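Chain residues, written in single-letter form:
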Amino acid sequence: MVAYSKKVMEHFMNPRNVGEIKDADGIGEIGNPVCGDMMSFYIKVKDNKLEDIKFKTFGCGAAIAVSSMVSEAAKGKTLDEALRITNKDIAKKLGGLPKNKLHCSNLGADALHKAIKDYLDKKGK
Amino acid sequence: MNSKIKKDSKKRIFFDNASTTRIDDQVFKEMESYFRENYGNPSSLHDFGELAKNAVESARKKVANLVGASAEEIYFTSCGTESNNLALWGLARALKGKGNHVISSVIEHHSVLNPLKEMKKNGWNISLVPVDKCGLINTKDIENEITDSTILISIMHANNEIGTIQKLKEISLIAKKNNIIFHSDGVATAGIIPVNVRELGIDAYSFSAQQLHGPKGVAALFIKKGTGIRPIFLGGTQEKGRRAGTENVPGIVGFGKACELAKIKMEDNIKYISKLRDNLINGIINKVKDVKLNGSTTDRLPGNVHISFKYIEGESILLMLNMEGIAAASGSSCTSQALKSSHVLNAIGLSPTMAQGSVLFSLGKYNTVEEVSRLLEVLPPIVKRLREMSPIYKE
Ligand code: FES
């Protein structure tokens with residue numbers, strides 16, 4: 001099938017941290033302008049660290065694997081560290097993505113960052 | 001998991017017969033000697049050549065017979081795409097003195113739509129008629145588009161994605177009344193349902209061997225006797241100069257055999273395959289909530305099951321099915337290289353979300369009741385898993 005790396009397929013078949021957080025501290029929702037898919041990230045913050053992350057994704061295999069990898073990479077990190085995670089990092093961690101699937105990796109980190117900003121905005125108020 | 005299920009799960013299941021079909025063993029056998037012993041070029045004068053020529057001509061009769069044409073009206077090409085290109089460019093150029101307007105539809109295959117786009121850049125006027133939510137063309141729409149300069153109408157017989165069968169006879173009557181040449185892309189229909197170009201009143205008809213359990217790399221264009229057409233390949237005098245290039249002899253022999261078999265077995269195959277289709281459709285509707293059957297319930301190809309699963313995306317469904325050894329297709333934008341969802345699904349007014357969740361299971365004569373049951377077993381849990389991951393899913 002699609003030329004996905006082993007790592008992508010492994011995350012796709014066993015995605016980590018799927019779900020929602022009812023009383024999330026921050027929520028980041030993002031739509032994929034290229035193909036019309038969606039991703040939502042929910043975060044729980046404690047002592048400036050991402051204590052818990054959950055996600056839900058409506059999209060292709062790459063989008064699901066990317067969300068899973070983002071959640072894994074960011075969990076337990078400080079907000080600053082998490083904000084520094086780039087889409088490139090995620091694609092790299094997944095052993096690369098097919099060229100026409102790189103846009104799906106853009107979703108993942110963006111959605112997470114949006115959730116963090118949502119948290120910071122709420123806190124700032 | 002008991003060992004029997006495990007063993008069965010290794011078995012690959014091909015529910016993608018709309019993309020291509022497995023070659024029939026009898027067809028394959030028939031072709032073999034034309035690779036190994038009788039490898040002559042039909043244009044040569046010696047015995048090798050004559051043998052090849054006879055084989056091509058005997059196949060031509062069988063191919064013609066499948067669609068109710070006479071042998072001299074069949075022109076061999078390399079694929080359905082070539083047949084469509086030859087028909088559009090060839091007919092339109094032959095009619096250039098008469099007018100420059102071509103009517104077609106929004107749900108045609110890309111091998112019709114893209115040549116039309118190119119023709120537009122080259123001075124032809126192109127009108128594409130819409131379809132209703134079942135994928136059917138309203139023949140009135142065609143009539144309304146006709147002008148004094150309309151020279152050609154090209155409407156596909158059945159749609160390769162949603163399986164809707166058009167009312168060709170009605171369209172051909174309109175074409176005839178207005179003295180317009182009528183071409184139909186029959187790649188999804190020939191060998192699958194009965195086709196008679198005379199009864200349907202068609203001037204040109206494209207069809208392909210790989211869709212009817214023949215080999216890849218060979219197809220045909222029927223051109224009614226007396227219809228003018230300009231070649232798009234120039235070279236030797238093969239196919240009466242209308243399609244230059246050395247004939248694909250083994251392929252043509254296989255195509256002939258495949259047409260012969262398709263014709264003999266047509267009724268049985270239709271009965272068998274449509275029963276599988278209905279079992280699968282009913283099974284999915286019974287076992288999975290929030291699904292929609294796309295296309296027409298009445299004018300539908302025997303093997304076509306085109307279903308949208310709400311809240312989830314097609315590529316992830318296909319990936320999970322593929323892990324189970326099951327092959328299917330989807331009109332989701334994520335599965336297309338261009339990242340655009342299927343133009344056919346847009347044309348029938350399917351919402352973007354439902355187009356994303358579309359899956360095409362296309363069945364053929366080699367599929368079995370057991371395979372359908374197996375799919376009905378593995379599919380509901382896959383849908384459930386993906387829905388649990390979906391941010392738009394509501395129970
Ligand atoms: S989410 Fe649509 S291509 Fe990845």
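Owing to the predicted nature of the structure, the values given are computational and were not obtained by experimental measurement. (Residues numbered from 1 in each chain as written. Chains lettered and ligands numbered in written order. Predicted model: local features only at pLDDT ≥ 70, side-chain atom pairs only at ≥ 80, totals over all residues. Heavy atoms only, no water.)

Visitor: For this particular structure, what's the right way to read the sheet that holds strand S5 (residues 150-154) of chain B?
Guide: Adjacent strands of a sheet pair through backbone hydrogen bonds, lying either parallel or antiparallel. Residues and elements named next belong to chain B. Taken in spatial order, the seven strands make up an open sheet running S2-S8-S7-S6-S5-S3-S4, and their pairing is mixed. Both edges of this open sheet fall to strand S2 (74-77) and strand S4 (125-129), since each of them pairs with a single strand only. Sheet twist, expressed as the average angle between the axes of neighbouring strands with direction ignored, equals 20°. Relative to strand S6 (residues 181-185), S5 runs parallel, the two being bridged by three bridges. Its bridge partner lying in S6, serine 154 is registered against histidine 183. (Pairing = 2+ DSSP bridges. Helix = DSSP H or I, 4+ residues; strand = E, 2+ residues; numbered from the N terminus. Axes fitted to C-alpha atoms, helices over the stretch in contact; angles between N-to-C directions.)

Visitor: What's the story with the interface of chain B and chain A in this structure? I'm lost.
Guide: Quite often, the size of an interface is put as the accessible area lost when its parts meet. Contacts between the two partners involve 24 residues from chain B, matched on the other side by 25 residues from chain A. For the pairing of chain B and chain A, the buried interface totals around 2,000 Å² over both sides, and the portion due to carbon and sulfur atoms is 68%. For the pair chain B and chain A, the interface holds one salt bridge. In this structure, B:Glu315 engages A:Lys101 in a salt bridge whose closest nitrogen and oxygen atoms are separated by 2.5 Å. For the pair chain B and chain A, the interface holds 10 residue pairs in polar contact (both at pLDDT 80 or more). Listing elements by their share of the side of chain B that touches chain A, those giving two or more residues are helix H10 (314-323), helix H12 (352-356) and helix H13 (369-388) of chain B. (Contact = heavy atoms within 4.5 Å. Buried area = accessible area lost by both parts, 1.4 Å probe. Salt bridge = Lys/Arg side-chain N within 4 Å of Asp/Glu carboxyl O. Polar contact = N/O pair within 3.5 Å; in protein donor to acceptor, adjacent residues only side chain to side chain.)

Visitor: Would you explain the pairing of strand S7 (residues 204-208) of chain B in this entry?
Guide: Looking down a regular strand, the side chains alternate between one sheet face and the other. All names here are of chain B. Where burial is concerned, most of S7 is hidden: five out of the five residues are buried. Pairing of S6 with S7 involves three bridges; the strand directions are parallel. Bridge assignment links aspartate 185 to a residue of S7, and that residue is serine 206. (Buried < 20%, exposed > 50% of the residue type's maximum accessible area, 1.4 Å probe, protein only.)

Visitor: Please clarify how the nonpolar core should be interpreted in this entry.
Guide: What tends to happen in soluble globular proteins is that the nonpolar side chains get buried as a cluster. Among the nonpolar cores identified, the biggest contains 70 residues, and A:Leu50, A:Leu112, B:Ile284, B:Phe309, B:Leu321 and B:Phe361 are the most heavily contacted of them. Of all the elements, helix H2 (residues 61-74) of chain A adds the most residues to this core, at nine residues. If we ignore the near neighbours within four places in the chain, the residues touching B:Leu321 are B:Ile326, B:Ala328, B:Phe361, B:Leu375, B:Val378, B:Leu379 and B:Ile382. Membership of the second largest hydrophobic core comes to 58 residues, among which are B:Phe76, B:Ile137, B:Met156 and B:Met266. (Core = buried A, V, L, I, M, F, W, Y, C linked by side-chain atoms within 4.5 Å.)

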